[in-house]
Each structure stands twice: as structure tokens, then as C-alpha cells.
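Coordinates in review
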Amino acid sequence: MTFEQRAELRRNFTASLPLWRHPLIGYLLSILLVSLLGWGQQALDGWIGGGGIYFAGSLLLLPVLFIATFWGTMPSLFTVLLGALYIDYFFIGYNQSISWQHWEDGLRILPFFISGITIAIITSQRERARWQTLIAEQELKEYAAELEVSNQKLEDANQTKDRFLSIASHELKTPITTIRGQAQLALRRLAKQDGEMNVSDMHTALERINEQTMRLTTLIEELLDVSSLRTGKMALNKSKLNINELCQQVVDDQNLLTGRHIELKLSPKEVMVSVDRDRIEQVLINLVGNAVKYSPEGSVVQVCVERKWRKALIHVRDHGKGIAPDQLEKVFDTFYRTPDAEASTKKGLGLGLSISKEIIERHEGRIWCESQPGQGSEFFVELPLK
């Protein structure tokens with residue numbers, strides 16, 4: 001624990017003490033107790049008869065002990081000083097002074113003074129030991145909390161690893177099996193051809209091999225993106241652009257690729273941002289692609305660009321099954337797929353939204369989802385304006 005942490009711990013502990021434990025209360029109470037017990041000491045001396053060398057002010061050690069117990073070292077030293085002054089004034093005499101000619105008077109104060117200082121020192125040691133114990137307990141609690149967090153992270157990492165192995169083995173197995181089957185089929189057909197080759201069959205086999213190879217490439221790129229983003233090795237090549245134009249391009253491309261109707265509503269004014277064009281395009285393609293993938297064939301996907309305050313806001317809405325409230329936060333977790341997505345025939349590693357979240361946050365923006373089961377989902381991307 002650093003010095004600053006110890007000082008903060010001391011301040012917190014002091015602030016948590018009840019009002020009556022405040023040092024000022026100790027100083028004020030010491031005056032009252034010294035006065036009362038000093039008067040009692042005078043009455044005791046009168047009963048004994050006075051005279052002789054004896055332990056003057058023995059009762060005045062009680063306030064020192066009491067103040068030291070509840071208010072600490074400094075108020076107890078103040079009580080010792082008050083007690084010494086009281087003894088000097090009322091027991092030795094106002095008109096006398098402690099000197100070498102009156103050494104016996106000094107001896108009457110010395111036992112009280114030494115005893116009071118001893119009590120204050122012992123209290124100081126006790127207070128230090130208490131603080132050391134408190135700090136040790138706090139350090140143990142923090143260490144235990146850190147261990148608990150570390151254990152939870154390890155458990156989460158282990159679950160993520162198991163989920164990744166399960167999903168990856170399934171996702172990678174399908175294209176590899178297809179590629180292998182089509183290659184073997186093509187080889188058998190080639191072996192059976194005597195002279196002429198059926199170009200149509202070979203074209204179909206090669207097309208399927210190409211499709212599955214592209215799918216494998218996409219899976220590998222997603223895994224590499226996750227690794228690069230998590231390790232901070234992915235550099236952002238930012239440039240100024242109009243987000244209206246980028247959204248228009250993405251929607252046009254998705255219209256051609258999917259054949260689905262995608263509505264686009266752009267901001268009437270330019271929405272200039274400073275971003276990595278390729279990475280933001282990757283996010284938009286992922287959001288629009290998911291909206292198309294997980295919504296009915298005849299439904300409309302809506303994309304809207306707005307300018308709000310100093311932010312650019314993009315939202316992509318679909319009319320699919322929607323996402324349950326308890327799954328909204330998880331959809332951005334690595335390798336997470338909703339139960340509906342798992343049950344569907346749509347394939348994926350569950351990395352798209354996780355990568356999108358990392359990219360947007362590295363642009364100092366934010367991404368979130370709003371959804372109700374049966375009413376579709378709407379994903380929002382917020383980026384700072386240039």
C-alpha cells in the first residue's frame with residue numbers, strides 16, 4: 001500500500017469516527033476533567049494532612065489515561081501539561097518557583113510528569129499498532145478482492161476459450177468439409193473424363209470452393225481483428241469524411257449484394273467526422289448485414305444518419321424477432337450469440353459486434369442497442385464530429 005493510500009485510509013477512518021471522538025472534544029474535556037480531579041486531589045491531600053514528599057497529582061493521571069484512550073496522543077499530552085500546571089499552581093504555590101533551591105518541589109511534579117508522558121507514549125504505540133492492524137486488514141481485503149476479480153477473469157477467460165473452441169471447431173469444420181468434398185468430386189470427375197471435360201460441373205465445384213474459402217478468410221480476419229484490437233496493435237488511419245457519403249455507399253452495396261430493400265435517411269447537412277474510413281465502413285457493413293440476416297425476407301431495414309449537438313448519430317433498425325432485455329449487454333461480448341441466433345441456420349463466430357464495439361470506442365464514440373422481443377432491434381453508433 002502506497003503512502004497516499006495509507007493517508008487516504010487514515011482520513012477515511014477519521015471521518016468515520018463519531019462526533020464525540022473528534023480531537024477538539026478531547027481538548028475541551030481534558031480541561032474539565034483536570035479541574036474536577038484536581039479539586040479531588042486537593043481534597044485528598046487535605047484529608048491526608050499534606051506535607052512531606054509524596055506523589056502529587058496522582059488522581060490527575062486518570063484524565064490523562066482517559067483522554068489518551070479515546071482521543072489519542074496529542075490531547076493526552078495536552079492533559080499532562082494542564083495537570084503539571086495545576087500541580088505547580090495549587091500544590092507548590094503561586095508565589096514559589098521551581099528552582100535548584102526548591103528541588104523538593106520539582107520532585108513532587110516529576111513523578112506525575114514522567115507517568116503522564118509514559119501513558120501518552122504507550123497510547124501512541126497502541127495507536128500506531130491499531131493503524132498498522134487496520135492497514136493490514138485493509139490490504140488483506142484489497143488483496144482478497146483482487147484475487148476474487150482475478151479468479152473471475154480467469155473463469156470468464158476459460159469459459160470464453162471453451163466457447164471459442166466449440167464455435168470455431170463447428171464454423172471451421174463446415175467450409176473445410178465442403179472444400180474437401182468439392183475438390184475430391186472434381187478430381188473424380190477429371191479421372192473419369194476420357195477427353196472432354198464437363199466445364200459446367202467443374203465451374204460449380206470451383207464456385208463452391210471459392211465461396212467456402214472466402215468464408216474461411218472472413219473467419220480468420222475476424223479472429224485477427226480481435227487479437228489486434230485487444231493488444232492495441234491495430235493502427236487507425238484517420239481522415240476527415242462526410243458520414244452521409246459513407247452510409248450511402250454501404251447501403252448501395254448491401255442493396256446489390258442482398259437484394260433486400262434498405263431505406264436510408266441522411267442528414268440534410270454534412271456530418272463531418274475524423275475516422276478510419278475502412279474501420280467505420282466495417283462497422284456499418286456488420287450492422288446492416290446483421291439487420292438483413294436476422295429479419296424476415298420481406299421486411300424493411302432502415303438506416304438513418306443524424307447530427308445531434310456535437311455528435312454524429314447513426315442508427316440501423318430491423319423488424320426481426322428482437323433481443324431479450326437480459327441479452328442486450330451481452331450481444332457485444334466476444335463470441336456471444338443470442339439463443340435465437342444459435343438456433344438459426346445463420347453462421348458466425350459472434351465476433352462482429354464485439355469488433356464493432358472496440359472500433360467505435362477507439363474512435364472515442366459509443367455503440368449500443370435498444371430492442372424489445374417481437375418488435376425488432378435498433379443499433380446506435382455515436383461518433384464525435386470533426
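Keep in mind that what you see is a predicted model, and the values were worked out from it rather than measured. (Residues numbered from 1 in each chain as written. Predicted model: local features only at pLDDT ≥ 70, side-chain atom pairs only at ≥ 80, totals over all residues. Heavy atoms only, no water.)

Points about the sheet that holds strand β2 (residues 262–265)
- Across the sheet, which stays open at both edges, the 5 strands sit in the order β2-β4-β5-β7-β6 with mixed pairing between neighbours. Edge positions in the open sheet fall to β2 and β6 (366–371), since each of these has one partner strand only. Going across the sheet, the axis of each strand differs from the next one's by a mean of 15°, ignoring polarity.
- Pairing geometry for strand β5 (residues 311–317) and strand β7 (residues 377–384), over 7 bridges, is antiparallel. (Pairing = 2+ DSSP bridges. Helix = DSSP H or I, 4+ residues; strand = E, 2+ residues; numbered from the N terminus. Axes fitted to C-alpha atoms, helices over the stretch in contact; angles between N-to-C directions.)

Describing the packing of aromatic side chains
- A full pass over the atoms with the stated rule returns 6 aromatic pairs.
- Consider the rings of Tyr-27 and Phe-78, whose centres lie 5.4 Å apart with planes at 80°: the pair is edge-to-face. Here Phe-78 lies in helix α4 (residues 73–92) and Tyr-27 lies in helix α2 (residues 23–48), a separation of 51 residues in the sequence.
- Under the relative-accessibility criterion, Phe-78 is labelled partly exposed at 26%.
- Ring centres 6.0 Å apart and planes at 65° place the aromatic pair Phe-70 and Trp-71 in the edge-to-face group. (Phe/Tyr/Trp six-rings, centres within 6.5 Å; stacked < 30°, edge-to-face > 60°. Buried < 20%, exposed > 50% of the residue type's maximum accessible area, 1.4 Å probe, protein only.)

Here's the deal with the UniProt feature "transmembrane region" (unreviewed entry) in the chain
- As annotated by UniProt and renumbered to match this structure, "transmembrane region" (unreviewed entry) occupies residues 20–39, 51–71, 77–94 and 106–124.
- The span residues 20–39 is 85% helix and 0% strand, and its two end C-alpha atoms sit 25 Å from each other. (UniProt positions renumbered as here; feature names shortened; annotations may be inferred.)

What to know about the nonpolar core
- If you look at the biggest cluster of nonpolar residues, it comprises 40 residues, and the most contacted ones within it are Ile-243, Ile-280, Leu-287 and Val-381.
- Of the residues forming this core, the biggest block, 7 residues, is contributed by helix α8 (residues 277–293).
- Once residues lying within four places of it in the same chain are set aside, the contact partners of Leu-287 are Val-316, Leu-353, Ile-367, Phe-379 and Val-381.
- With 12 residues, the next largest nonpolar core counts Val-34, Val-64, Val-80 and Ile-109 among its residues. (Core = buried A, V, L, I, M, F, W, Y, C linked by side-chain atoms within 4.5 Å. Contact = heavy atoms within 4.5 Å.)

Quick word on the state of the cysteines
- Under the definition given, this model contains 0 disulfides.
- No disulfide involves Cys-304; its sulfur sits 9.4 Å from the nearest other cysteine sulfur, which is in Cys-247. (Disulfide = S-S within 2.5 Å.)

Overview of the side chain of Asp-276
- Secondary-structure assignment places Asp-276 in strand β3 (residues 272–276).
- Salt bridges are absent for the buried Asp-276, whose nearest opposite-charge side chain, Arg-279, sits at 5.0 Å.
- Ignoring anything within four residues of it in the chain, the contact list for Asp-276 reads Ala-235, Leu-236, Asn-237, Lys-238 and His-363. (Lys, Arg positive; Asp, Glu negative; His and termini not counted. Salt bridge = Lys/Arg side-chain N within 4 Å of Asp/Glu carboxyl O.)

Some remarks on helix α10 (residues 352–362)
- Along α10, the residues classified as buried are Gly-352, Leu-353, Ser-354, Ile-355, Ser-356, Ile-359 and Ile-360.
- Among the residues trailing α10, Glu-364 stands out with phi positive, at a value near 60°.

Description of the environment of Ile-179
- Note that Ile-179 resides in helix α5 (residues 103–192).
- Spatially, the C-alpha atoms of Ile-179 and Ile-209 are 5.0 Å apart, while their sequence positions differ by 30 residues.
- Every residue in contact with Ile-179, bar those within four places of it in the chain, is listed here: Ile-209, Gln-212, Thr-213 and Leu-216.

Some thoughts on the packing of helix α7 (residues 243–258) against α8
- Relative orientation of the contacting elements α7 and α8 amounts to 45°, with a least axis distance of 10 Å. Classified by the interaxial angle, the pair formed by α7 and α8 is oblique. Taken as a pair, α7 and α8 cross one another with a handedness that is right-handed. Together, Ile-243, Leu-246, Cys-247, Gln-249, Val-250, Gln-254 and Thr-258 of α7 and Arg-277, Ile-280, Glu-281, Leu-284, Ile-285, Val-288, Gly-289 and Val-292 of α8 make up the contact between the two elements.
- In terms of residue class, the contact of α7 with α8 is made up of 9 nonpolar, 4 polar and 2 charged. (Parallel < 35°, antiparallel > 145°, perpendicular 65-115°, else oblique. Left-handed = near helix turned anticlockwise from the far one by under 90°. Nonpolar A, V, L, I, M, F, W, Y, C, P; charged D, E, K, R; others polar.)

Digging into helix α3 (residues 61–71)
- All of the buried residues in α3 are Leu-61, Pro-63, Val-64, Ile-67, Ala-68 and Trp-71. Within α3, the buried residues cover an arc of 155° as seen down the axis, which keeps them to one side.
- Of the residues flanking the end of α3, it is Gly-72, one or two places downstream, whose phi is positive at about 95°. (Arc of directions from axis to C-beta.)

Considerations on a nonpolar patch on the surface
- Taken together, the side chains of Trp-20, Ile-25, Phe-66 and Phe-70 define a hydrophobic patch exposed on the protein surface, amounting to about 350 Å² of accessible area.
- Among the structural elements, Phe-70 can be located in helix α3. (Patch = residues over 30% accessible without salt bridge, like charges linked within 9 Å, V, L, I, M, F, W, Y side chains within 5 Å. Areas by Shrake-Rupley, 256 points an atom, 1.4 Å probe, with all protein chains shown as cover.)

What about the side chain of Thr-73?
- Note on placement: Thr-73 falls in helix α4.
- When neighbours within four sequence positions are excluded, Thr-73 is seen to be in contact with Ala-120, Thr-123, Ser-124 and Glu-127.

A word on the packing of α8 against α10
- At a minimum axis separation of 10 Å, α8 and α10 run at an interaxial angle of 145°. In this structure, α8 crosses over α10, and the sense of that crossing is left-handed. Here Arg-279, Ile-280, Gln-282, Val-283, Asn-286, Leu-287 and Asn-290 of α8 lie close against α10, whose contacting residues are Gly-352, Leu-353, Ile-355, Ser-356, Ile-359 and Ile-360.
- Considered class by class, the residues forming the contact of α8 with α10 number 7 nonpolar, 5 polar and 1 charged.

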